[in-house]
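Each chain is listed here by its residues.
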Amino acid sequence: LFVRPALAAMQGTAGPALQRIRALLGEGFPKVNNYPRYVRGTLSFVEGRVYAVTHRHNQSGSLISIKDTTALIVIPAGGSGLQPGDLVDVLLLG
């Protein structure tokens, strides 16, 4: 999210930004935030639709979910949390 663009700038290349897509949230995210959050997750494809599912271990210090992460789910600031099926932005990794 932050390192890739910085490394590209240091190398003098215009490295591509992470690809952003829209997906349906596979499960609710009830936490309300004062700032946007980037939550580790994975994508699944069901009947032609893309679903983003958060990892169960998503605390800031939990590194166990990093190996299975294929996307960062963007949780917007404010609101009253998100429900399953809500449309969210997703940043694709790798």
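Up top is the structure these notes are about.
Okay, so let's go over this structure. (Residues numbered from 1 in each chain as written. Predicted model: local features only at pLDDT ≥ 70, side-chain atom pairs only at ≥ 80, totals over all residues. Heavy atoms only, no water.)

## Points about the environment of Phe 29
On the secondary structure map, Phe 29 appears in the loop between β1 (20–25) and β2 (37–46). Separated by 53 residues in sequence, Phe 29 and Leu 82 place their C-alpha atoms 5.0 Å apart. Not counting residues within four places of it along the chain, the set of residues in contact with Phe 29 comprises Arg 37, Val 39, Thr 54, Ile 75, Gly 81 and Leu 82. (Helix = DSSP H or I, 4+ residues; strand = E, 2+ residues; numbered from the N terminus. Contact = heavy atoms within 4.5 Å.)

## Some thoughts on the nonpolar core
Core analysis: the largest hydrophobic core is formed by eleven residues, namely Ala 23, Leu 25, Phe 29, Val 39, Ala 52, Ala 71, Ile 73, Ile 75, Leu 82, Val 88 and Val 90. Contributing elements (two or more residues each) for this core: β1, β4 (71–75) and β5 (87–92). With three residues, the single largest contributor to this core is β4. Ala 23 has contacts with Val 50, Tyr 51, Ala 52, Asp 86, Leu 87, Val 88 and Val 90, leaving out every residue within four places of it along the chain. (Core = buried A, V, L, I, M, F, W, Y, C linked by side-chain atoms within 4.5 Å. Buried < 20%, exposed > 50% of the residue type's maximum accessible area, 1.4 Å probe, protein only.)

## Let's talk about the sheet that holds strand β3 (residues 49–54)
Spatial strand order, β1-β3-β2-β4-β5: five strands in a closed barrel with mixed pairing. When strand polarity is set aside, the average angle formed by the axes of neighbouring strands in this sheet is 55°. Relative to β3, β2 is paired through six bridges, and the arrangement is antiparallel. Along β3, the bridge assignment pairs Phe 45 with Val 50. (Pairing = 2+ DSSP bridges. Axes fitted to C-alpha atoms, helices over the stretch in contact; angles between N-to-C directions.)

## Quick word on the pairing of β1
Here β1 runs beside β5; their pairing, made up of five bridges, is antiparallel. Looking at β5, one finds that Arg 20 is bridged to Leu 91. Here β1 runs beside β3; their pairing, made up of two bridges, is parallel. Residue Leu 25 lies in a different strand from β3, and its bridge partner there is Ala 52.

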